[in-house]
Amino acid sequence: MTFALARHRHVQLVEQIRQHDEAYYLHDRPTISDQEYDRLYHELLDLELAFPELSCAESPSQRIGGAPLSAFNSVQHLSPLRSLDNTYSQTEVREFVARLQRLLPGEKLEWILEPKVDGLAVNLRYEDGLLVVGATRGDGVTGDDITANLKTIRSVPLRLNAGSQGVMRGKVEVRGEVFLRKNAFSKLNANRITAGDEPFANARNAAAGSLKQLDPREAAKRPLDLIIYGVGFLESTEGLPLITHAESLSWLASLGFKTPARTWFCRSTDDILSALQELEQVRGTFDYETDGAVIKLNDIALRELAGFTSKAPRWAMAYKYAAEQAETKLNAITIQVGRTGALTPVAELEPVFLAGSTISRATLHNEDELRRKDIRIGDTVIIEKAGEVIPAVVRVVLEKRAGDETVFEFPKVCPECQGRIERAITPGGSGVVWRCQNSQCPAQVRGRLEHWCARGAMDIEGGGEVLVKQLVRQGLAHDVSDLYQLSLEQISGLERMGEKSARNFLEGLVASKSRDLWRLLFGLGIVHVGAGSAKSLGCHFVSLDALAGASHIKLAQIDDVGEVIADSLVRWFGDPKNQALIERLRVMGLNFSSELYRPAEAVVVGPFAQFTFVLTGTLPTLTREKATALIESGGGKVSGSVSKKTTYVLAGEEAGSKLKKARELGVTVLDEPSFLKMFEDSIPSD
Ligand code: IVH
């Protein structure tokens, strides 16, 4: 294919994929099948591989996420990101409207009421229509540059749609809220629980964790979304119909942004109060969490007249709905021992009805949390259900403390087996957890057997809580290999086990012997190894023996694995008890190999393969991002610091210490023209 043809096709593909993304991610109306979409996407990637110079800032290939960062850079917003005054009181809403009316006498005030998205504020800057930088709020003036993570969000346009006056010229900053959809959050938490990790307390924390990932590929795995609700900076308003906020929102939508799902137009305080009520009724149907409403003055010129206080605009206010809470008595605190040995304190409550269900237990997370909240047995407590989350004890109602409440003594040994317990930090760093160190602890054994049989793991029908409990109690199963020696008589002799169910269970066990390696790996319940990492490991090593013999370094390099999981794997396979278990499973005839599709090893090709570049100073024409893209498209790597391993330093004006270091180490220094020449020389001519 000639370059001219390739370029033509590339332009077509970028536009087609953009349109499909818009239909799917903005309007929830897919226009093609996933397969067809993948075909277009791979055609684009192949074209960019053959002609790297086609890769450009607006290409969907830029969403995949580049190399992990060591820290976020800071960026200054073009205009500050302010927060809002908050209230829970309708009286204060009335006062807010009255205050503004006093400030703007004689004006007929109109309002737009929007859902307040419970996420994280971000700022996106576009220049001449292209997304150049995305940042967190930070201190309002300067935030963290999280452009790579924001680009992974498919509803974020990389280039703005052209309006009636053609390409959007100059600089624009738009503001919005990043969030994790409710279903994505539940899935993420379910995966964390099955992998033995602590779940996120709410969708907002999970979204924050994802946005702050230094590795954009990690961020890409969590389906974040973004709603844009305002313009922060506009270089030129010429020709734009932006007299009111309602107009700004439609303009933002026409540029390709996802804007609030529903808004209410209000002419009076009464309109506002009834809109607040209506929103409260419908907000449960939105696919994201909302914690209230934002009431905004519609007329933009009037906003300017109203101005700002030192903290917030005078023309807008956030009204928050009280979280769904209930008061009840804490009768007891019990300790639940999970399959990884984690000891979780659980509040046993006087049953109470809350947000659609009766609650009698709530998690107390861990010992530190118990102490911090000073929760005692017999206390009256407030429990809360925030969105989809497991109910939690928020606080103690101190006024109701009678004095006879007792402080809970956290056990010094495992309450199940009296074994030794040890404190460990959870990998997310979200807390400290005590773990029972006795791998033969009956609670852990039960947990491991149930997990092995679970649908997401070895998928053995009938291997649920009731059966497993009896098998362990009767001493019929100590580990998962024992399951494969059970006889029909032994199983059918158990309570609530007819011969038919016993036969089904046995058949399930036989079928499980040929399951793929990833299911077996996940089923073994190795701490932190979720289904995703088990699949990557299966794909990579193909056989269990190859995996068991792999070094920490090798493991940590695999997608979806990393240091923490590698550590856990090395420890697990190094334990002679586990090695013996593997041998027993081998004897029972379990499949130890993976049939998962294994893409051919990516061979790095291109003019810069094996080369490491360091960029320093300001280049005459190329931005840092563009230079990085060219290097990476040529198979090279970009590193942040100069060392003996650096092949070239690409230096521009005001290059500082890196240039000095390059000279000291004798590393070749290139300027932009020689770099571009090197790149162009390597492109095969048509
Ligand atoms: S407008 C200067 N609109 O809630 C006005 N904010 O509690 C800027 N938020 O800081 C904010 N949904 O992070 C606005 N529809 C919405 C919003 C919204 C959520 C966040 C935002 C803001 C915070 C205030």
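One numbering rule holds for all chains: residues counted from 1, following each sequence as written. Where local features are concerned, this predicted model is filtered to residues with pLDDT of at least 70; where side-chain atom pairs are given and counted, the filter is 80 or more; whole-chain, interface and lining totals use all residues. Values shown for side chains rest on all heavy atoms present in the structure; no hydrogens or waters enter the calculation.

A. Fine view of the layout of surface pockets. Counted as a void, the second largest pocket has a volume near 1100 Å³. Lining the second largest pocket are 34 residues, and of these Thr340, Ser439, Gln444, Val527 and Trp572 lie nearest its centre. Only β19 (421-425), β20 (432-436), α12 (442-453), α21 (562-574) and α22 (576-587) provide two or more residues apiece to the lining of the second largest pocket. Per-element accounting of the lining of the second largest pocket gives the leading share, 5 residues, to α21. The classification used treats Ala, Val, Leu, Ile, Met, Phe, Trp, Tyr, Cys and Pro as nonpolar, Asp, Glu, Lys and Arg as charged, and all other residues, Gly among them, as polar. Taken together, the residues of the lining of the second largest pocket sort by class into 11 nonpolar, 12 polar and 11 charged. Two kinds of site are reported from a 1 Å grid over the protein atoms alone, namely cavities, where a 1.4 Å probe fits but cannot get out, and pockets, open sets with protein on both sides within 12 Å along at least five of seven lines, and residues are called lining when an atom falls within 4 Å of a point. Grid points are joined across faces, edges and corners, and a volume is the space filled by probe spheres set on the points. The way it works is that DSSP assigns letters per residue, a run of H or I at least four long becomes a helix, a run of E at least two long becomes a strand, and they are numbered from the N terminus.

B. Looking closely at empty space enclosed by the protein. For the coordinates displayed, the defined rule picks out 3 cavities of 30 Å³ or more. Considered as a void within the structure, the largest cavity measures approximately 100 Å³ in volume. Residues belonging to the lining of the largest cavity are distributed by class as follows: 3 nonpolar, 3 polar and 6 charged. Space inside the second largest cavity adds up to approximately 80 Å³. Across the lining of the second largest cavity, the residue classes break down as 5 nonpolar, no polar and 5 charged.

C. Structural view of the sheet that holds strand β24 (residues 668-670). Should DSSP find at least two bridges between two strands, the strands are taken to pair. Strand order in this open sheet of 4 strands is β22-β21-β23-β24, and the pairing throughout is parallel. Taken across any chain shown, the strands that pair with only one partner, and hence form the sheet edges, are β22 (637-639) and β24. Taking the axes of each pair of neighbouring strands and ignoring which way they run, one obtains an average angle of 35 degrees across the sheet. Contacts between residues were defined by any pair of non-hydrogen atoms, one from each residue, lying within 4.5 Å. Only the stretch in contact is used when fitting a helix axis, every axis being a line fitted to C-alpha atoms; angles between N-to-C directions are given from 0 to 180 degrees. Sheet strands touched by helix α24 (residues 657-665): β21 (612-616), β23 (648-651) and β24. Its angle to β21, the strand with the most contacts, is close to 140 degrees. Sitting on the sheet, helix α25 (residues 672-681) touches β21, β23 and β24, and the angle it makes with β24 is about 95 degrees.

D. The packing of aromatic side chains, seen in detail. A pair of aromatic rings is counted whenever rings of Phe, Tyr or Trp (Trp by its six-membered ring) have centres within 6.5 Å, and the orientation is called stacked for planes under 30 degrees apart, edge-to-face for over 60 and tilted otherwise. Following the criterion strictly, the structure yields 13 aromatic pairs and no others. Geometrically, the ring pair formed by Phe96 and Trp111 is tilted, given 5.4 Å between the ring centres and 55 degrees between the ring planes. Linking Phe96 in helix α3 (residues 90-103) with Trp111 in strand β3 (residues 111-117), this pair joins segments that are 15 residues apart in sequence. Grouping residues by exposure puts Phe96 and Trp111 together as buried. Ring centres of Tyr126 and Phe257 lie 5.6 Å apart, and the angle between their planes is 80 degrees; on these two criteria the pair is classed as edge-to-face. On the criterion of sequence distance, the pair formed by Tyr126 in strand β4 (residues 120-127) and Phe257 in the loop between α8 (245-255) and β9 (264-266) is long-range, its members being 131 residues apart. Just as Tyr126 is buried, Phe257 falls in that class too. Within the aromatic cluster, the residues linked to one another by ring pairs are Phe611, Phe613, Tyr648 and Phe675. Look at NZ for Lys and CZ for Arg. If either is within 6 Å of the ring centre and within 35 degrees of the ring normal, a charge sits over the ring. Taking the ring centre of Phe308 as reference, the NZ or CZ of Arg82 above it sits at 3.9 Å. Geometry around Tyr41 places Arg154 over its ring, the cationic atom sitting 5.9 Å from the centre. Using a 1.4 Å probe on the protein chains alone, a residue whose accessible area is under 20% of its type maximum counts as buried, one over 50% counts as exposed, and one in between counts as partly exposed.

Without other data, these values stay purely geometric and don't point to any function.
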